[in-house]
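Listed below, chain by chain, are the residues.
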Amino acid sequence: MTENTAATLTDRARYLDAVRQGLTEVLNKDVTGAEEGARLFDDLGLDSSSALELLITIEEILDVQFDADELEMTHFETVGSLADFVAAEAGA
C-alpha cells in the first residue's frame with residue numbers, strides 16, 4: 001500500500017466516523033457501528049428535519065462548511081454516500 005493510499009483510507013475512516021458520530025448525536029441512539037451500506041432514512045430512521053441537523057453537526061465535528069447548493073438526495077442514501085459527500089466537500 002502506498003503512502004497516498006494509506007492517507008486516503010485514513011481520511012475516509014475519519015469522514016465515516018464523523019458521519020456515524022453525527023448520526024449518533026442527532027438520532028439519540030448509538031449507530032457508531034453502522035455499516036457503510038446502512039440506509040439513512042430507511043434503516044437508521046433519519047427524517048428530513050434531522051438531515052439538516054446532521055449536516056450542521058458534522059460541520060461542527062470536522063470544523064468545515066458544506067455548500068448547500070451541492071446537496072442532493074443521493075448524498076443521503078447511505079452512511080457511505082454521505083461520507084463520500086463530506087469527504088468531497090472537506091477537500092479530501
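Residues numbered from 1 in each chain as written. Predicted model: local features only at pLDDT ≥ 70, side-chain atom pairs only at ≥ 80, totals over all residues. Heavy atoms only, no water.

Draft legend 1. Spatial organisation of the pattern of salt bridges. In this structure the tally under the stated criterion is five salt bridges. The partner of Arg-39 in a salt bridge is Asp-42, with the nearest N and O atoms 3.5 Å apart. According to the relative accessible area criterion, Arg-39 is partly exposed, its value standing at 41%. Residue Asp-42 is classed as exposed on the basis of its relative accessible area of 59%. Through salt bridges with shared partners, a single network forms among Arg-12, Glu-36 and Asp-84. (Salt bridge = Lys/Arg side-chain N within 4 Å of Asp/Glu carboxyl O. Buried < 20%, exposed > 50% of the residue type's maximum accessible area, 1.4 Å probe, protein only.)

Draft legend 2. Region of interest: the packing of aromatic side chains. Applying the stated criterion across every chain, the model contains one aromatic pair. Ring geometry for Phe-66 and Phe-85: centres 5.6 Å apart, planes at 45 degrees, overall tilted. With a gap of 19 residues between them, Phe-66 in the loop between helix 2 (48-62) and helix 3 (79-89) and Phe-85 in helix 3 connect regions that are remote in the sequence. For Phe-66, a relative accessible area of 12% corresponds to the buried category. (Phe/Tyr/Trp six-rings, centres within 6.5 Å; stacked < 30°, edge-to-face > 60°. Helix = DSSP H or I, 4+ residues; strand = E, 2+ residues; numbered from the N terminus.)

Draft legend 3. Highlighting unusual backbone geometry. In this structure, Asn-28 is a non-glycine residue whose phi angle is positive, near 55 degrees. Locating Asn-28 in the fold gives a position in the loop between helix 1 (3-27) and helix 2. Judged by relative accessible area, which is 69%, Asn-28 ranks as exposed. Despite not being glycine, Asp-63 shows a phi value in the positive range, around 55 degrees. Position of Asp-63 among the secondary structure elements: in the loop between helix 2 and helix 3.

Draft legend 4. Local environment of the nonpolar core. The biggest cluster of nonpolar side chains holds 27 residues, and the ones touching the most others in it are Leu-23, Leu-44, Ile-58, Val-79, Leu-82 and Val-86. The set of elements that each furnish at least two residues to this core consists of helix 1, helix 2 and helix 3. When residues of this core are assigned to their parent elements, the largest contribution, seven residues, is made by helix 1. Apart from the residues lying within four places of it in its own chain, the contact partners of Ile-58 are Ala-18, Val-19, Phe-66, Leu-82 and Val-86. (Core = buried A, V, L, I, M, F, W, Y, C linked by side-chain atoms within 4.5 Å. Contact = heavy atoms within 4.5 Å.)

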